[in-house]
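Structural overview
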Amino acid sequence: MSVYQTKEFAKFARKAKLDCADLLAAAMDVAEGRWDASLGGGVLKQLERYRK
C-alpha cells in the first residue's frame with residue numbers, strides 16, 4: 001500500500017507530533033474497513049486512538 005501526504009498535511013502532522021508509523025496504521029485500518037464516518041468525496045473519518 002502506498003500512503004502519500006500533502007505538504008500542508010505533513011506540516012500539520014509534524015506539529016501534532018504524529019509519526020509515520022501512526023499514520024500508516026490509521027491508513028491500514030481504513031483500508032480494512034475500520035473507520036467511523038464517511039464525510040463524502042472519498043474522505044473518511046477515523047477517531048484517534050490513544051496508545052500508551
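Below or above, wherever it landed, is the structure these notes cover. Since we're looking at a predicted model, the values are computed, not measured. (Residues numbered from 1 in each chain as written. Predicted model: local features only at pLDDT ≥ 70, side-chain atom pairs only at ≥ 80, totals over all residues. Heavy atoms only, no water.)

**Observations concerning the pattern of salt bridges**
Using the criterion set out here, one finds two salt bridges in the structure. With a shortest N-O distance of 2.5 Å, Arg34 and Asp29 are connected by a salt bridge. On the basis of relative accessible area, Arg34 is assigned to the partly exposed category, the value being 41%. The salt bridge partner of Glu32 is Arg34, with a shortest N-O separation of 2.7 Å. Here the residues in one salt-bridge network are Asp29, Glu32 and Arg34, joined through shared partners. (Salt bridge = Lys/Arg side-chain N within 4 Å of Asp/Glu carboxyl O. Buried < 20%, exposed > 50% of the residue type's maximum accessible area, 1.4 Å probe, protein only.)

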